[in-house]
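Architecture and fold: a report
Listed here are the chains, written in short residue letters.
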Amino acid sequence: MSLIATRNLTLRIGGQTVLRDVDIAVERGEIVTIVGPNGSGKSSLLRALIGALKPASGTITRAADLRIGYVPQKLQIDATLPLTVHGFLNLPRRQPRETIAQALLQAGVTDLAKKQMTDLSGGQFQRVLLARALLNKPHILILDEATQGLDQPGSAAFYRQIEEVRRDMGCAVLMVSHDLHVVMAASDRVLCLNGHVCCEGTPEIVADAPEYRALFGTGTQGALALYRHEHSHSHDHAHDHGHTHDNDHTHDHAQGHTHGAGCNHAHGDQDA
Ligand SMILES: Nc1ncnc2c1ncn2[C@@H]1O[C@H](COP(=O)(O)OP(=O)(O)OP(=O)(O)O)[C@@H](O)[C@H]1O
């Protein structure tokens with residue numbers, strides 16, 4: 001059984017249909033990325049999955065006792081409010097010190113506990129949000145454009161952390177991202193949304209799909225190929241999708257046609 005799945009999910013906000021007849025499913029341990037233009041319903045879909053938005057029609061099925069860790073797109077913290085990272089992670093419920101330490105470790109920010117939330121850099125802030133989402137040891141992590149505002153090395157580092165979390169905790173990851181060439185390479189499956197599911201499959205299949213190209217053009221192809229090389233490793237999946245691994249280990253060096261963009265990305269990725 002899937003961790004979470006929708007069937008003919010239709011969402012309406014303020015009388016407007018923002019998503020129509022969406023069928024998606026996330027399986028244990030896989031990383032699925034949702035891409036799509038602004039206003040295509042990505043955040044709304046995530047909000048429905050976490051139970052914050054009621055479907056107009058269709059169903060959402062969650063595995064029994066499913067624990068979800070959610071990283072929102074934005075979170076405003078009052079700049080005048082003194083609040084340490086440790087204090088923030090104790091909201092709204094007090095957590096054992098050990099649990100907080102473990103979550104900070106998994107998010108790659110062990111040294112931030114005593115810092116003020118308002119003193120964090122954008123990248124540190126996102127990792128603290130990630131730590132918060134990890135507190136309840138989720139079966140699935142749901143991230144809504146978690147790297148918004150980060151530079152490319154920062155984004156690449158963040159996604160690598162996500163891959164590490166997946167490896168260590170075995171959780172599935174469902175994320176929305178605009179960092180197409182970075183995130184697609186870190187994903188087992190990509191889903192392209194535009195009011196409905198336009199296309200889905202491995203990053204390569206989606207990048208080649210006419211529907212995807214019509215929305216995003218072909219600009220990410222080279223960097224994408226380079227990233228497949230950078231990320232060529234085996235995942236410890238609790239399950240295996242034949243269709244998601246076909247191209248995982250294609251090691252064609254893409255430097256020839258990706259050099260300009262690819263060097264920066266690869267550098268950021270390795271430094272992280
Ligand atoms: N609270 C709201 N009130 C009114 N309309 C909303 C609200 N939230 C979302 N919408 C509308 O629903 C549609 C889908 O928005 P959504 O935020 O899900 O898209 P998105 O793909 O996540 O966009 P972006 O990439 O810009 O974050 C848009 O037309 C948006 O204007």
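Quick caveat, the model's predicted, so the values are computed rather than measured.

1. Concerning the site of the ligand
- Lining the immediate environment of the ligand, one finds I13, G14, V18, G36, N38, G39, S40, G41, K42, S43 and S44.
- Looking at which element gives the most residues to the shell around the ligand, the answer is helix α1 (residues 42–49), with 3 residues.
- Residue composition of the shell around the ligand, grouped by class: 2 nonpolar, 8 polar and 1 charged.

2. Quick word on the packing of helix α4 (residues 122–134) against helix α5 (residues 152–169)
- Here α4 crosses α5 at 15°, and the two axes come no closer than 11 Å. By the angle between their directions, the pair α4 and α5 is classed as roughly parallel. Handedness of the crossing formed by α4 with α5: right-handed. Touching G123, Q126, R127 and L134 of α4 are G154, F158, Q161 and V165, all from α5.
- Taken together, the residues that form the contact of α4 with α5 break down as 3 nonpolar, 4 polar and 1 charged.

3. Brief notes about the sheet that holds strand β9 (residues 189–193)
- Strands sit in the order β6-β7-β8-β4-β9-β10 across an open sheet of 6 strands; the sheet is mixed. On the outer flanks of this sheet lie β6 (68–71) and β10 (197–201), each paired with one strand and no other. Averaged over all pairs of adjacent strands, the angle between strand axes in this sheet comes to 15°, irrespective of strand direction.
- Across 5 bridges, the pairing between strand β7 (residues 140–144) and strand β8 (residues 172–176) is parallel. Its bridge partner being in β8, I142 is matched across the sheet by L174.
- Along the sheet, α1 makes contact with β4 (31–35), β7, β8 and β9, crossing β7 at roughly 150°.
- Sheet strands touched by α4: β6 and β7. Its angle to β6, the strand with the most contacts, is close to 165°.

Calculation criteria
- Residues numbered from 1 in each chain as written.
- Predicted model: local features only at pLDDT ≥ 70, side-chain atom pairs only at ≥ 80, totals over all residues.
- Near = placed C-beta within 6 Å.
- Helix = DSSP H or I, 4+ residues; strand = E, 2+ residues; numbered from the N terminus.
- Nonpolar A, V, L, I, M, F, W, Y, C, P; charged D, E, K, R; others polar.
- Axes fitted to C-alpha atoms, helices over the stretch in contact; angles between N-to-C directions.
- Parallel < 35°, antiparallel > 145°, perpendicular 65-115°, else oblique.
- Left-handed = near helix turned anticlockwise from the far one by under 90°.
- Contact = placed C-beta atoms within 7 Å.
- Pairing = 2+ DSSP bridges.

Shape descriptors only; they carry no functional weight alone.
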